[in-house]
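Inside the fold
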Amino acid sequence: TTITTAKTVEVDKAAIESTAFDAKAYPNPTADQFVLVVEGSSTENVQVMVFDVLGRLLKSIEKKDGEAIQFGEDLPTGSYIAKISQGAESKTVQLIKK
C-alpha cells in the first residue's frame with residue numbers, strides 16, 4: 001500500500017510580483033524604430049544586444065534603469081532577436097522590421 005501526503009505551501013504573491021522581470025518592444029513589427037520597455041525590481045543598468053537571424057551581434061546598447069530605449073531606425077528590413085538583461089534577469093524578444 002502506498003500512502004501519499006500533500007503539503008500545503010503558502011506563496012507570497014507580492015514577493016513574486018515585485019521581482020518579476022519583463023521586457024516588451026513596440027510597435028512590433030515596425031517600419032521605423034522600436035521602443036523597449038523594461039519592467040523589473042532591479043535598479044541596475046539595462047543592457048540590450050540585438051542579433052540578426054544568423055546570430056551576429058549588430059547592436060549593443062546600455063541604458064540606466066528607467067531610461068527609454070529606442071533603436072532600429074538604422075536596421076534593414078528583417079527579423080531580429082533582442083536579448084535584454086538587467087542584473088541577473090534576462091529575456092529574449094523577437095523583433096520584426098518591415
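The preceding data block contains the structure.
In what follows, the accompanying structure is described. Along each chain, numbering runs from 1 in the same order as the chain's sequence is written. With the structure being a predicted model, the display of local features is reserved for residues of pLDDT at least 70 and the display and counting of side-chain atom pairs for 80 or more, all residues being used for whole-chain, interface and lining totals. Side-chain measures here rest on the full set of heavy atoms in the structure, leaving out hydrogens and waters.

**Observations regarding the sheet that holds strand E2 (residues 34-39)**
Convention followed: Whether two strands pair comes down to DSSP finding at least two bridges between them. Elements are defined by DSSP. Helices are runs of H or I of four residues or more, strands are runs of E of two residues or more, and each kind is numbered from the N terminus. Every angle, taken between N-to-C directions, lies between 0 and 180 degrees, and every axis is a line fitted to C-alpha atoms, over only the stretch in contact when it is a helix.
Spatially, 3 strands are ordered E1-E2-E5 in an open sheet, and the strand pairing comes out antiparallel. The open sheet is flanked by strand E1 (22-26) and strand E5 (69-71), the only strands paired with a single partner. Adjacent strand axes in the sheet meet at a mean angle of 20° when their direction is disregarded. Two elements, E1 and E2, share 5 bridges in a ladder whose sense is antiparallel. Of the residues in E2, the one forming a bridge with alanine 23 is valine 38.

**Concerning the sheet that holds strand E7 (residues 89-97)**
The sheet built from 4 strands is open, its strands ordered E4-E3-E6-E7 with antiparallel pairing. Since the sheet does not close on itself, it has two edges, and those belong to strand E4 (57-63) and E7, each with one partner. In this sheet, neighbouring strand axes are inclined to one another by 20° on average, regardless of whether the strands run parallel or antiparallel. Relative to strand E6 (residues 78-86), strand E3 (residues 46-52) is paired through 7 bridges, and the arrangement is antiparallel. Within the sheet, the bridge partner assigned to aspartate 52 lies in E6 and is tyrosine 80.

**So, the pairing of E2**
Note on strand geometry: in a regular strand, side chains alternate between the two faces of the sheet. When E2 meets E5, the two strands line up antiparallel, connected through 3 bridges. Pairing of leucine 36 across the sheet is with isoleucine 69, part of E5.

**Examining the side chain of lysine 59**
Rules: Under this definition, polar contacts are N or O atom pairs within 3.5 Å; protein pairs additionally need one hydrogen-donor-capable and one acceptor-capable atom, and for neighbouring residues in sequence, both atoms have to be side-chain atoms. We call two residues in contact when some of their heavy atoms are within 4.5 Å.
Considering the arrangement of structural elements, one finds lysine 59 in strand E4. Side-chain polar atoms of lysine 59 contact the side chain of aspartate 74, separated by 2.9 Å. When near neighbours in sequence (up to four residues on either side) are disregarded, lysine 59 contacts Val48, Met49, Val50, Phe71 and Asp74.

**Some remarks on the nonpolar core**
Heads up, the condition is: For the purposes of this section, nonpolar cores are sets of buried Ala, Val, Leu, Ile, Met, Phe, Trp, Tyr and Cys residues that join through side-chain atoms within 4.5 Å. For the exposure calls, accessible area comes from a 1.4 Å probe over protein chains only, and a residue counts as buried if that area is under 20% of its type's maximum, exposed if over 50%, partly exposed in between.
Among the nonpolar cores identified, the biggest contains 17 residues, and Leu36, Val48, Val50, Ile69, Phe71, Ile84 and Leu95 are the most heavily contacted of them. At the level of secondary structure, the elements contributing two or more residues to this core comprise E1, E2, E3, E5, E6 and E7. The contacts of valine 48, once residues within four sequence positions are left out, are Leu36, Lys59, Ser60, Ile61, Ile69, Ala82, Lys83 and Ile84.

**Some remarks on the packing of aromatic side chains**
Rule in force here: Each Phe, Tyr or Trp ring (for Trp, its six-membered ring) is paired with any other whose centre lies within 6.5 Å, and the angle between the two planes then decides the class: stacked below 30 degrees, edge-to-face above 60, tilted in between.
As enumerated under the stated definition, the model contains 1 aromatic pair in all. On the numbers, 5.7 Å between centres and 35° between planes, the contact of phenylalanine 34 with phenylalanine 71 is tilted. Taken together, the residues phenylalanine 34 in strand E2 and phenylalanine 71 in strand E5 connect sequence positions 37 residues apart. Residue class for phenylalanine 34 comes out buried when judged on its relative accessible area of 0%.

**Observations regarding unusual backbone geometry**
For the bond from tyrosine 26 to proline 27, the omega torsion is -20°, close enough to zero to count as cis. Residue placement: proline 27 occurs in the loop between E1 and E2. Each neighbour pair has its own omega, and for asparagine 28 with proline 29 the value is 10°, a cis peptide bond. Inspection of the secondary structure assignment puts proline 29 in the loop between E1 and E2.

Such coordinate-based values are descriptive only and should not be taken to indicate function.
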